[in-house]
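Listed below are the residues making up each chain.
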Amino acid sequence: MDGIEVRNLKKSYEVDRRRLEVLNGIDLCLEPGEITILLGRSGCGKTTLLRLVGGLERCDSGEVVYHSQHKTAFVFQEPRLMPWLDVKENVAFGLKSGQGEADRERMEAKLESVIRLVGLADFEHAYPAQLSGGMQQRTAIARALAYEPSFILMDEPFAALDYFTREQMQREVIRVQREEGSSILFVTHSIDEALILGHKIVVMKDGRVHSEYRIAQEDGKRDLMDERLLKMKQDILKDIEEQV
Amino acid sequence: MGMEFDRMNKGEKRNDKQFGKRIKAGRHFKIGVGLVILILLWFVVCETGIFNAYVLPSPQKVLKTLWKMFLNGELFRDIWISLQRVLKGFFIAFVLAFALGAVSSLLPGVREYYEWLVQFLRNVPPLSMIPLLILWCGIGETTKIVIIILASFFPMYLNIVKGFLSCDEKLIEVAVSFDYSRWKCFQKVILPHAIPDILVGMRTGLGYSWRAIIGAEMVAASSGIGHLILFAQQMSRTDKVIAGILIIGVVGYATDKIFALAIRKFLKGAGENGWN
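Residues numbered from 1 in each chain as written. Chains lettered and ligands numbered in written order. Predicted model: local features only at pLDDT ≥ 70, side-chain atom pairs only at ≥ 80, totals over all residues. Heavy atoms only, no water.

A. Local environment of the overall build of chain B. A count of helical and extended segments in chain B gives eleven helices and zero strands. For chain B, the α and β elements follow one another from N to C terminus as α-α-α-α-α-α-α-α-α-α-α. For 276 residues, the compact-globule formula gives about 19 Å, and the C-alpha radius of gyration of chain B, at 24 Å, lies well above that figure. A buried classification covers 42% of the 276 residues belonging to chain B. (Helix = DSSP H or I, 4+ residues; strand = E, 2+ residues; numbered from the N terminus. Rg over C-alpha atoms; globule rule 2.2 N^0.38 Å. Buried < 20%, exposed > 50% of the residue type's maximum accessible area, 1.4 Å probe, protein only.)

Below you can see the structure in the form of C-alpha coordinates.
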(Lines give C-alpha, C1' and ligand atoms only; values in the text may rest on other atoms or scores of the structure.)
Protein backbone atom coordinates (compact mmCIF):
# COMPACT_ATOMS: atom_id res chain seq x y z
CA MET A 1 0.00 0.00 0.00
CA ASP A 2 0.96 3.68 -0.35
CA GLY A 3 0.57 6.50 2.15
CA ILE A 4 1.42 6.64 5.85
CA GLU A 5 0.45 4.17 8.52
CA VAL A 6 0.39 4.93 12.22
CA ARG A 7 0.59 1.78 14.35
CA ASN A 8 -0.24 1.63 18.05
CA LEU A 9 1.42 4.99 18.71
CA LYS A 10 1.94 5.93 22.36
CA LYS A 11 3.33 9.11 23.83
CA SER A 12 3.47 10.50 27.35
CA TYR A 13 5.03 13.57 28.99
CA GLU A 14 6.20 14.17 32.51
CA VAL A 15 4.42 17.12 34.10
CA ASP A 16 5.11 17.96 37.77
CA ARG A 17 6.67 14.53 38.29
CA ARG A 18 3.49 12.92 37.01
CA ARG A 19 3.29 10.95 33.82
CA LEU A 20 0.67 12.30 31.49
CA GLU A 21 -0.48 9.90 28.79
CA VAL A 22 -1.22 11.93 25.67
CA LEU A 23 -1.55 9.22 23.05
CA ASN A 24 -2.76 5.78 24.13
CA GLY A 25 -2.24 3.60 21.10
CA ILE A 26 -3.25 5.40 17.92
CA ASP A 27 -3.90 3.33 14.81
CA LEU A 28 -4.47 5.37 11.69
CA CYS A 29 -4.03 5.16 7.97
CA LEU A 30 -3.32 8.32 5.98
CA GLU A 31 -4.25 7.65 2.39
CA PRO A 32 -2.10 9.28 -0.28
CA GLY A 33 -3.57 12.31 -2.05
CA GLU A 34 -6.18 12.88 0.62
CA ILE A 35 -6.89 15.49 3.25
CA THR A 36 -7.15 13.84 6.65
CA ILE A 37 -8.55 16.01 9.41
CA LEU A 38 -7.74 15.50 13.09
CA LEU A 39 -10.62 16.84 15.17
CA GLY A 40 -11.15 16.90 18.90
CA ARG A 41 -11.15 18.96 22.05
CA SER A 42 -8.07 20.76 23.33
CA GLY A 43 -5.58 18.41 24.91
CA CYS A 44 -6.83 15.28 23.15
CA GLY A 45 -3.43 14.79 21.46
CA LYS A 46 -4.04 16.13 17.94
CA THR A 47 -0.92 18.31 17.79
CA THR A 48 1.21 15.61 19.43
CA LEU A 49 0.08 13.10 16.81
CA LEU A 50 0.86 15.61 14.03
CA ARG A 51 4.35 16.23 15.42
CA LEU A 52 5.04 12.51 15.76
CA VAL A 53 3.93 11.85 12.18
CA GLY A 54 6.12 14.74 11.00
CA GLY A 55 9.13 13.41 12.92
CA LEU A 56 9.48 16.43 15.21
CA GLU A 57 9.11 14.23 18.30
CA ARG A 58 9.82 10.65 19.22
CA CYS A 59 7.13 8.27 20.35
CA ASP A 60 7.36 6.04 23.44
CA SER A 61 6.21 3.02 21.47
CA GLY A 62 4.52 2.14 18.22
CA GLU A 63 5.61 3.37 14.82
CA VAL A 64 4.89 5.65 11.90
CA VAL A 65 5.47 3.84 8.62
CA TYR A 66 6.01 5.83 5.43
CA HIS A 67 5.25 3.53 2.53
CA SER A 68 6.86 5.83 -0.02
CA GLN A 69 9.27 8.78 -0.16
CA HIS A 70 7.76 11.98 1.21
CA LYS A 71 8.75 15.60 1.07
CA THR A 72 7.14 17.04 4.17
CA ALA A 73 6.27 20.62 5.02
CA PHE A 74 4.76 22.01 8.21
CA VAL A 75 2.43 24.91 8.81
CA PHE A 76 2.48 25.56 12.55
CA GLN A 77 -0.10 27.21 14.79
CA GLU A 78 2.12 30.31 14.91
CA PRO A 79 3.77 31.74 11.78
CA ARG A 80 7.35 31.09 13.04
CA LEU A 81 8.92 33.45 10.52
CA MET A 82 12.58 34.47 10.71
CA PRO A 83 12.43 38.10 11.91
CA TRP A 84 15.59 39.06 9.99
CA LEU A 85 14.24 37.87 6.63
CA ASP A 86 11.65 39.68 4.53
CA VAL A 87 8.55 37.97 3.17
CA LYS A 88 10.23 36.72 -0.01
CA GLU A 89 13.29 35.41 1.85
CA ASN A 90 11.04 33.69 4.40
CA VAL A 91 9.02 32.02 1.65
CA ALA A 92 12.28 30.83 0.07
CA PHE A 93 13.54 29.47 3.42
CA GLY A 94 12.91 25.82 2.58
CA LEU A 95 14.21 26.03 -0.99
CA LYS A 96 17.68 25.01 -2.07
CA SER A 97 19.42 27.80 -3.96
CA GLY A 98 19.42 26.94 -7.65
CA GLN A 99 22.66 26.02 -9.40
CA GLY A 100 22.12 27.29 -12.91
CA GLU A 101 20.35 30.30 -14.38
CA ALA A 102 17.33 28.18 -15.36
CA ASP A 103 17.02 26.84 -11.81
CA ARG A 104 17.17 30.33 -10.35
CA GLU A 105 14.56 31.59 -12.79
CA ARG A 106 12.27 28.68 -11.98
CA MET A 107 12.70 29.37 -8.27
CA GLU A 108 11.97 33.09 -8.74
CA ALA A 109 8.82 32.27 -10.71
CA LYS A 110 7.72 29.79 -8.06
CA LEU A 111 8.26 32.33 -5.27
CA GLU A 112 6.42 35.01 -7.17
CA SER A 113 3.42 32.80 -7.87
CA VAL A 114 3.18 31.51 -4.30
CA ILE A 115 3.48 35.01 -2.82
CA ARG A 116 0.81 36.26 -5.22
CA LEU A 117 -1.36 33.29 -4.29
CA VAL A 118 -1.43 34.25 -0.62
CA GLY A 119 -2.07 37.90 -1.52
CA LEU A 120 1.27 39.33 -0.41
CA ALA A 121 2.67 40.43 -3.78
CA ASP A 122 2.91 44.05 -2.57
CA PHE A 123 4.63 43.09 0.66
CA GLU A 124 7.42 40.80 -0.50
CA HIS A 125 10.09 43.12 0.92
CA ALA A 126 8.30 43.74 4.23
CA TYR A 127 9.69 42.23 7.43
CA PRO A 128 7.50 40.06 9.70
CA ALA A 129 7.30 42.81 12.34
CA GLN A 130 5.70 45.06 9.72
CA LEU A 131 2.93 42.55 8.94
CA SER A 132 -0.34 41.75 10.69
CA GLY A 133 -0.79 38.33 12.33
CA GLY A 134 -2.88 37.12 9.39
CA MET A 135 -0.30 38.26 6.84
CA GLN A 136 2.43 36.51 8.80
CA GLN A 137 0.45 33.28 8.78
CA ARG A 138 -0.12 33.62 5.02
CA THR A 139 3.64 33.97 4.61
CA ALA A 140 4.10 30.76 6.59
CA ILE A 141 1.59 28.99 4.36
CA ALA A 142 3.41 30.30 1.26
CA ARG A 143 6.69 29.00 2.70
CA ALA A 144 5.21 25.51 2.97
CA LEU A 145 3.65 25.63 -0.53
CA ALA A 146 6.85 26.91 -2.17
CA TYR A 147 8.63 23.81 -0.87
CA GLU A 148 6.42 21.71 -3.19
CA PRO A 149 5.79 19.04 -0.56
CA SER A 150 4.07 15.75 -1.19
CA PHE A 151 2.85 15.68 2.41
CA ILE A 152 1.72 18.80 4.28
CA LEU A 153 1.13 18.86 8.03
CA MET A 154 -1.04 21.75 9.14
CA ASP A 155 -1.68 22.57 12.77
CA GLU A 156 -4.67 24.91 12.98
CA PRO A 157 -3.08 27.09 10.32
CA PHE A 158 -6.05 29.36 9.70
CA ALA A 159 -6.97 30.14 13.29
CA ALA A 160 -5.43 33.64 13.10
CA LEU A 161 -7.00 34.55 9.75
CA ASP A 162 -10.12 36.59 9.10
CA TYR A 163 -13.20 34.94 7.61
CA PHE A 164 -12.52 35.88 3.97
CA THR A 165 -8.82 35.02 4.02
CA ARG A 166 -9.61 31.74 5.76
CA GLU A 167 -12.10 30.86 3.03
CA GLN A 168 -9.57 31.77 0.34
CA MET A 169 -6.87 29.70 2.06
CA GLN A 170 -9.22 26.73 2.42
CA ARG A 171 -9.94 26.90 -1.31
CA GLU A 172 -6.21 27.07 -1.90
CA VAL A 173 -5.53 23.97 0.21
CA ILE A 174 -8.15 22.08 -1.80
CA ARG A 175 -6.67 23.35 -5.09
CA VAL A 176 -3.09 22.41 -4.13
CA GLN A 177 -4.19 19.00 -2.96
CA ARG A 178 -6.06 18.38 -6.23
CA GLU A 179 -3.40 19.76 -8.56
CA GLU A 180 -0.33 18.43 -6.82
CA GLY A 181 -1.96 15.31 -5.42
CA SER A 182 -0.40 16.10 -2.01
CA SER A 183 -1.46 14.32 1.14
CA ILE A 184 -2.48 16.66 3.94
CA LEU A 185 -2.86 16.04 7.65
CA PHE A 186 -4.82 18.94 9.04
CA VAL A 187 -5.58 19.72 12.70
CA THR A 188 -8.56 21.94 13.43
CA HIS A 189 -11.10 22.75 16.13
CA SER A 190 -13.68 23.81 13.60
CA ILE A 191 -16.14 21.12 12.48
CA ASP A 192 -17.21 23.30 9.52
CA GLU A 193 -13.61 23.60 8.37
CA ALA A 194 -13.22 19.83 8.71
CA LEU A 195 -16.35 19.27 6.59
CA ILE A 196 -15.22 21.73 3.90
CA LEU A 197 -11.70 20.31 3.58
CA GLY A 198 -11.60 16.71 4.68
CA HIS A 199 -11.78 13.47 2.80
CA LYS A 200 -11.42 11.70 6.09
CA ILE A 201 -12.27 13.17 9.48
CA VAL A 202 -10.71 11.51 12.51
CA VAL A 203 -12.32 12.39 15.84
CA MET A 204 -9.88 11.92 18.72
CA LYS A 205 -10.76 11.21 22.34
CA ASP A 206 -8.49 10.58 25.34
CA GLY A 207 -5.48 10.01 23.12
CA ARG A 208 -7.28 7.47 20.96
CA VAL A 209 -9.13 7.52 17.66
CA HIS A 210 -12.80 7.71 18.69
CA SER A 211 -14.45 7.66 15.27
CA GLU A 212 -13.71 8.18 11.60
CA TYR A 213 -15.87 9.73 8.89
CA ARG A 214 -15.43 9.67 5.13
CA ILE A 215 -16.60 12.27 2.64
CA ALA A 216 -16.55 11.39 -1.03
CA GLN A 217 -14.25 13.52 -3.21
CA GLU A 218 -16.23 16.02 -5.28
CA ASP A 219 -15.16 18.60 -7.79
CA GLY A 220 -17.28 21.53 -6.63
CA LYS A 221 -17.35 23.43 -3.36
CA ARG A 222 -19.11 21.60 -0.58
CA ASP A 223 -22.37 23.00 0.72
CA LEU A 224 -22.46 22.88 4.50
CA MET A 225 -26.26 22.99 4.36
CA ASP A 226 -26.27 19.72 2.43
CA GLU A 227 -28.32 17.18 4.35
CA ARG A 228 -25.54 14.60 4.35
CA LEU A 229 -23.01 17.05 5.78
CA LEU A 230 -25.49 18.39 8.33
CA LYS A 231 -26.10 14.84 9.57
CA MET A 232 -22.33 14.26 9.73
CA LYS A 233 -21.86 17.49 11.68
CA GLN A 234 -24.48 16.37 14.22
CA ASP A 235 -22.79 12.99 14.60
CA ILE A 236 -19.35 14.60 15.08
CA LEU A 237 -20.79 17.04 17.60
CA LYS A 238 -22.31 14.15 19.48
CA ASP A 239 -18.95 12.35 19.45
CA ILE A 240 -17.16 15.40 20.77
CA GLU A 241 -19.82 16.18 23.40
CA GLU A 242 -19.60 12.62 24.65
CA GLN A 243 -16.05 13.39 25.57
CA VAL A 244 -17.05 15.83 28.35
CA MET B 1 -1.61 48.65 -2.27
CA GLY B 2 2.17 48.31 -2.65
CA MET B 3 2.64 51.93 -3.65
CA GLU B 4 0.50 52.98 -0.73
CA PHE B 5 2.65 50.87 1.59
CA ASP B 6 5.82 52.45 0.18
CA ARG B 7 4.38 55.95 0.40
CA MET B 8 3.27 55.35 3.96
CA ASN B 9 6.73 54.09 4.85
CA LYS B 10 8.47 57.04 3.20
CA GLY B 11 6.19 59.53 4.97
CA GLU B 12 6.76 57.85 8.31
CA LYS B 13 10.51 57.76 7.70
CA ARG B 14 10.60 61.51 6.90
CA ASN B 15 8.73 62.33 10.11
CA ASP B 16 10.97 59.96 12.06
CA LYS B 17 14.07 61.66 10.59
CA GLN B 18 12.90 65.15 11.59
CA PHE B 19 11.96 63.96 15.05
CA GLY B 20 15.31 62.18 15.34
CA LYS B 21 17.20 65.35 14.35
CA ARG B 22 15.37 67.38 17.03
CA ILE B 23 16.15 64.73 19.67
CA LYS B 24 19.82 64.68 18.59
CA ALA B 25 20.13 68.49 18.75
CA GLY B 26 18.58 68.48 22.23
CA ARG B 27 20.98 65.77 23.37
CA HIS B 28 24.03 67.61 22.00
CA PHE B 29 22.94 70.79 23.77
CA LYS B 30 22.60 68.95 27.10
CA ILE B 31 26.01 67.31 26.66
CA GLY B 32 27.54 70.74 25.90
CA VAL B 33 25.96 72.32 28.98
CA GLY B 34 27.16 69.44 31.19
CA LEU B 35 30.68 69.78 29.80
CA VAL B 36 30.81 73.55 30.34
CA ILE B 37 29.56 73.16 33.93
CA LEU B 38 32.21 70.51 34.67
CA ILE B 39 35.06 72.63 33.24
CA LEU B 40 33.79 75.71 35.08
CA LEU B 41 33.68 73.80 38.37
CA TRP B 42 37.20 72.51 37.74
CA PHE B 43 38.35 76.05 36.94
CA VAL B 44 36.72 77.51 40.09
CA VAL B 45 38.16 74.79 42.34
CA CYS B 46 41.67 75.47 40.96
CA GLU B 47 41.33 79.27 41.14
CA THR B 48 40.13 79.23 44.77
CA GLY B 49 43.03 77.00 45.73
CA ILE B 50 40.90 74.29 47.37
CA PHE B 51 43.34 71.79 45.91
CA ASN B 52 47.05 72.20 45.39
CA ALA B 53 48.04 72.76 41.72
CA TYR B 54 50.17 69.60 41.97
CA VAL B 55 47.15 67.51 43.01
CA LEU B 56 44.75 69.11 40.55
CA PRO B 57 46.29 71.21 37.78
CA SER B 58 44.06 73.80 36.15
CA PRO B 59 42.15 73.11 32.91
CA GLN B 60 44.35 75.66 31.10
CA LYS B 61 47.48 73.76 32.12
CA VAL B 62 46.09 70.41 30.98
CA LEU B 63 44.96 71.98 27.71
CA LYS B 64 48.40 73.51 27.19
CA THR B 65 50.04 70.12 27.79
CA LEU B 66 47.66 68.46 25.35
CA TRP B 67 48.46 71.12 22.74
CA LYS B 68 52.18 70.56 23.21
CA MET B 69 51.72 66.79 22.81
CA PHE B 70 49.67 67.46 19.71
CA LEU B 71 52.34 69.68 18.19
CA ASN B 72 55.31 67.40 18.87
CA GLY B 73 53.39 64.29 17.63
CA GLU B 74 53.73 62.46 20.96
CA LEU B 75 49.96 62.30 21.23
CA PHE B 76 49.37 60.51 17.91
CA ARG B 77 52.29 58.12 18.34
CA ASP B 78 50.98 56.92 21.68
CA ILE B 79 47.38 56.70 20.50
CA TRP B 80 48.44 54.70 17.42
CA ILE B 81 50.50 52.23 19.45
CA SER B 82 47.76 51.72 22.06
CA LEU B 83 45.14 51.42 19.32
CA GLN B 84 47.16 48.68 17.62
CA ARG B 85 47.47 46.76 20.89
CA VAL B 86 43.77 47.15 21.68
CA LEU B 87 42.69 46.02 18.22
CA LYS B 88 45.06 43.02 18.17
CA GLY B 89 43.90 41.84 21.62
CA PHE B 90 40.27 42.55 20.83
CA PHE B 91 40.40 40.66 17.53
CA ILE B 92 42.05 37.55 19.03
CA ALA B 93 39.61 37.61 21.98
CA PHE B 94 36.66 37.84 19.56
CA VAL B 95 37.86 34.90 17.45
CA LEU B 96 38.32 32.77 20.60
CA ALA B 97 34.97 33.82 22.09
CA PHE B 98 33.15 33.19 18.82
CA ALA B 99 34.77 29.78 18.32
CA LEU B 100 33.98 28.63 21.88
CA GLY B 101 30.46 30.08 21.63
CA ALA B 102 29.89 28.22 18.35
CA VAL B 103 31.12 24.97 19.95
CA SER B 104 28.64 25.55 22.81
CA SER B 105 25.86 25.77 20.28
CA LEU B 106 26.90 23.04 17.85
CA LEU B 107 28.26 20.54 20.39
CA PRO B 108 26.46 21.24 23.68
CA GLY B 109 27.98 18.13 25.27
CA VAL B 110 31.53 19.44 24.74
CA ARG B 111 30.76 22.76 26.46
CA GLU B 112 30.75 21.11 29.89
CA TYR B 113 34.44 20.23 29.49
CA TYR B 114 35.59 23.86 29.41
CA GLU B 115 32.73 25.96 30.79
CA TRP B 116 33.95 25.57 34.41
CA LEU B 117 37.39 26.88 33.41
CA VAL B 118 35.90 29.85 31.62
CA GLN B 119 33.75 30.69 34.67
CA PHE B 120 36.80 30.31 36.94
CA LEU B 121 38.99 32.58 34.82
CA ARG B 122 36.17 35.10 34.44
CA ASN B 123 36.45 35.83 38.15
CA VAL B 124 40.21 36.26 38.10
CA PRO B 125 41.22 39.92 37.52
CA PRO B 126 43.56 40.11 34.49
CA LEU B 127 45.97 42.33 36.46
CA SER B 128 46.55 39.53 38.97
CA MET B 129 47.89 37.44 36.09
CA ILE B 130 50.66 39.93 35.25
CA PRO B 131 53.44 38.21 37.28
CA LEU B 132 52.65 34.86 35.68
CA LEU B 133 52.31 36.36 32.21
CA ILE B 134 55.74 38.04 32.52
CA LEU B 135 57.18 34.69 33.54
CA TRP B 136 55.52 32.83 30.66
CA CYS B 137 55.52 35.41 27.86
CA GLY B 138 58.30 37.82 28.84
CA ILE B 139 57.99 41.59 28.86
CA GLY B 140 57.37 42.06 25.15
CA GLU B 141 54.20 42.69 23.18
CA THR B 142 52.71 39.22 23.85
CA THR B 143 52.06 39.90 27.54
CA LYS B 144 50.38 43.22 26.80
CA ILE B 145 48.11 41.65 24.21
CA VAL B 146 47.28 38.68 26.46
CA ILE B 147 46.15 41.12 29.19
CA ILE B 148 43.81 42.80 26.70
CA ILE B 149 42.54 39.40 25.57
CA LEU B 150 41.85 38.40 29.18
CA ALA B 151 39.95 41.63 29.78
CA SER B 152 37.81 41.60 26.64
CA PHE B 153 37.22 37.87 26.10
CA PHE B 154 34.67 37.25 28.87
CA PRO B 155 32.04 39.92 28.10
CA MET B 156 32.19 38.84 24.45
CA TYR B 157 32.03 35.13 25.27
CA LEU B 158 29.05 35.56 27.63
CA ASN B 159 27.08 37.59 25.08
CA ILE B 160 27.92 35.28 22.19
CA VAL B 161 26.93 32.17 24.16
CA LYS B 162 23.74 33.87 25.29
CA GLY B 163 22.96 34.76 21.67
CA PHE B 164 23.57 31.23 20.44
CA LEU B 165 21.80 29.40 23.27
CA SER B 166 18.77 31.66 23.50
CA CYS B 167 17.69 30.97 19.93
CA ASP B 168 13.95 30.31 19.78
CA GLU B 169 13.40 26.53 19.67
CA LYS B 170 10.38 27.08 17.45
CA LEU B 171 12.55 28.67 14.75
CA ILE B 172 15.02 25.80 14.98
CA GLU B 173 12.09 23.43 14.58
CA VAL B 174 11.16 25.18 11.32
CA ALA B 175 14.67 24.51 10.02
CA VAL B 176 14.44 20.87 11.16
CA SER B 177 11.09 20.50 9.40
CA PHE B 178 12.80 21.57 6.15
CA ASP B 179 15.51 18.93 6.67
CA TYR B 180 18.29 21.40 7.49
CA SER B 181 21.52 19.85 8.71
CA ARG B 182 22.85 20.99 12.09
CA TRP B 183 25.47 23.17 10.39
CA LYS B 184 22.98 24.74 7.99
CA CYS B 185 20.61 25.39 10.89
CA PHE B 186 23.48 27.14 12.71
CA GLN B 187 24.29 29.26 9.63
CA LYS B 188 20.73 30.17 8.68
CA VAL B 189 18.92 30.39 12.02
CA ILE B 190 21.11 30.35 15.13
CA LEU B 191 23.83 32.72 13.86
CA PRO B 192 21.53 35.41 12.41
CA HIS B 193 19.41 35.20 15.55
CA ALA B 194 22.53 35.72 17.70
CA ILE B 195 23.98 38.67 15.74
CA PRO B 196 22.50 41.43 17.93
CA ASP B 197 23.95 39.74 21.05
CA ILE B 198 27.29 39.16 19.32
CA LEU B 199 27.53 42.83 18.37
CA VAL B 200 26.59 43.96 21.88
CA GLY B 201 29.28 41.63 23.23
CA MET B 202 31.84 43.05 20.78
CA ARG B 203 30.98 46.59 21.78
CA THR B 204 31.32 45.78 25.49
CA GLY B 205 34.55 43.86 24.79
CA LEU B 206 35.99 46.84 22.95
CA GLY B 207 35.30 49.04 25.98
CA TYR B 208 36.99 46.49 28.26
CA SER B 209 40.02 46.41 25.94
CA TRP B 210 40.53 50.15 26.41
CA ARG B 211 40.09 49.78 30.15
CA ALA B 212 42.81 47.13 30.19
CA ILE B 213 45.37 49.18 28.23
CA ILE B 214 46.87 50.83 31.35
CA GLY B 215 47.41 47.43 32.97
CA ALA B 216 48.87 46.08 29.74
CA GLU B 217 51.24 49.02 29.32
CA MET B 218 52.38 48.76 32.92
CA VAL B 219 54.49 45.83 31.74
CA ALA B 220 57.79 47.33 30.63
CA ALA B 221 56.24 49.49 27.94
CA SER B 222 58.08 52.42 26.43
CA SER B 223 55.17 53.73 24.41
CA GLY B 224 51.39 53.92 24.38
CA ILE B 225 48.90 55.96 26.36
CA GLY B 226 49.19 53.67 29.39
CA HIS B 227 52.94 54.18 29.44
CA LEU B 228 52.44 57.93 28.99
CA ILE B 229 50.25 58.08 32.11
CA LEU B 230 52.52 55.91 34.25
CA PHE B 231 55.64 57.77 33.18
CA ALA B 232 53.94 61.12 33.85
CA GLN B 233 52.97 59.92 37.33
CA GLN B 234 56.59 58.92 38.05
CA MET B 235 57.72 62.39 36.86
CA SER B 236 55.04 64.04 39.05
CA ARG B 237 53.38 65.51 35.96
CA THR B 238 49.74 65.40 37.08
CA ASP B 239 48.74 67.58 34.11
CA LYS B 240 50.07 64.91 31.74
CA VAL B 241 48.34 62.16 33.74
CA ILE B 242 45.01 63.97 33.34
CA ALA B 243 45.77 64.61 29.65
CA GLY B 244 46.44 60.87 29.18
CA ILE B 245 43.18 59.95 30.94
CA LEU B 246 41.29 62.40 28.73
CA ILE B 247 42.91 60.90 25.62
CA ILE B 248 41.95 57.33 26.60
CA GLY B 249 38.39 58.42 27.35
CA VAL B 250 38.03 60.30 24.05
CA VAL B 251 39.63 57.58 21.90
CA GLY B 252 37.61 54.84 23.65
CA TYR B 253 34.42 56.86 23.23
CA ALA B 254 35.20 57.50 19.55
CA THR B 255 35.89 53.83 18.77
CA ASP B 256 32.69 52.86 20.61
CA LYS B 257 30.69 55.37 18.55
CA ILE B 258 32.25 54.15 15.30
CA PHE B 259 31.38 50.60 16.31
CA ALA B 260 27.80 51.57 17.20
CA LEU B 261 27.47 53.24 13.78
CA ALA B 262 28.76 50.08 12.09
CA ILE B 263 26.19 48.02 14.05
CA ARG B 264 23.38 50.30 12.90
CA LYS B 265 24.53 50.07 9.29
CA PHE B 266 24.92 46.30 9.53
CA LEU B 267 21.52 45.65 11.07
CA LYS B 268 19.85 47.98 8.55
CA GLY B 269 17.07 49.42 10.69
CA ALA B 270 17.04 46.70 13.30
CA GLY B 271 14.28 48.39 15.29
CA GLU B 272 11.96 48.36 12.30
CA ASN B 273 12.35 44.72 11.35
CA GLY B 274 12.05 43.33 14.84
CA TRP B 275 15.65 42.38 15.54
CA ASN B 276 15.78 44.06 18.91
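B. Structural detail: the packing of helix 6 (residues 141-165) of chain B against helix 8 (residues 182-216) of chain B. All names here are of chain B. Where helix 6 contacts helix 8, the axes come no closer than 7 Å and their chain directions differ by 155°. Judged by the inter-axis angle, helix 6 sits roughly antiparallel to helix 8. The interaxial crossing formed by helix 6 with helix 8 has right-handed handedness. Here the residues of the contact of helix 6 with helix 8 sort into 18 nonpolar, nine polar and three charged. (Axes fitted to C-alpha atoms, helices over the stretch in contact; angles between N-to-C directions. Parallel < 35°, antiparallel > 145°, perpendicular 65-115°, else oblique. Left-handed = near helix turned anticlockwise from the far one by under 90°. Nonpolar A, V, L, I, M, F, W, Y, C, P; charged D, E, K, R; others polar.)

C. Quick look at the sheet that holds strand 6 (residues 151-155) of chain A. All names here are of chain A. Taking strand neighbours across the sheet as the criterion, the six strands line up as 5-6-7-3-8-9 in an open arrangement whose pairing is mixed. On the outer flanks of this sheet lie strand 5 (72-75) and strand 9 (208-214), each paired with one strand and no other. On average, each strand axis in the sheet is tilted by 15° relative to the strand beside it, whichever way the strands run. Two elements, strand 3 (residues 35-39) and strand 8 (residues 200-205), share four bridges in a ladder whose sense is parallel. The partner of Ile-37 across the bridge, within strand 8, is Ile-201. Contacts from helix 1 (residues 46-53) reach strand 3, strand 5, strand 6, strand 7 (183-188) and strand 8, with the element oriented near 155° to strand 6. (Pairing = 2+ DSSP bridges. Contact = heavy atoms within 4.5 Å.)

D. Broad picture of the sheet that holds strand 2 (residues 18-30) of chain A. Residues and elements named next belong to chain A. With antiparallel pairing, three strands are arranged side by side in an open sheet as 2-1-4. The open sheet has two edge strands, strand 2 and strand 4 (61-66), and neither has a second partner. Across the sheet, the axes of successive neighbouring strands diverge by a mean angle of 25°, strand direction being ignored. Both strand 1 (residues 4-15) and strand 2 contribute to a ladder of ten bridges, which runs antiparallel. Across the sheet, Glu-5 pairs through a bridge with Cys-29, a residue of strand 2.

E. Here's a closer look at the confidence of the model for chain B. Residues and elements named next belong to chain B. Averaged over all residues, the pLDDT of chain B equals 87, while 91% of them reach at least 70. Mean pLDDT across the elements of chain B ranges from a minimum in helix 11 (residues 270-273), with 48, to a maximum in helix 7 (residues 169-177), with 95. Contacts of residues 271-276 to residues separated by more than four positions or lying in other chains number 20 contacts, the stretch itself having pLDDT below 50. Among the prediction metrics, the complex's ipTM stands at 0.88, with pTM recorded as 0.82. (pLDDT = per-residue confidence, 0-100.)

F. Region of the structure containing the interface of chain B and chain A. Counting from both sides, the interface comprises 22 residues of chain B and, opposite them, 21 residues of chain A. Carbon and sulfur atoms make up 66% of the surface buried where chain B meets chain A, a total of about 2100 Å² over both sides. Linking chain B to chain A there are three salt bridges. With a closest N to O distance of 2.7 Å, Arg80(A) and Glu173(B) form a salt bridge. Those elements that provide at least two residues to the side of chain B that touches chain A are helix 1 (2-47), helix 7, helix 8 and helix 11 of chain B. Here the side of chain B that touches chain A gets seven residues from one element, more than from any other, and that element is helix 7 of chain B. The residue makeup of the side of chain B that touches chain A, split by class, is eleven nonpolar, six polar and five charged. (Buried area = accessible area lost by both parts, 1.4 Å probe. Salt bridge = Lys/Arg side-chain N within 4 Å of Asp/Glu carboxyl O.)

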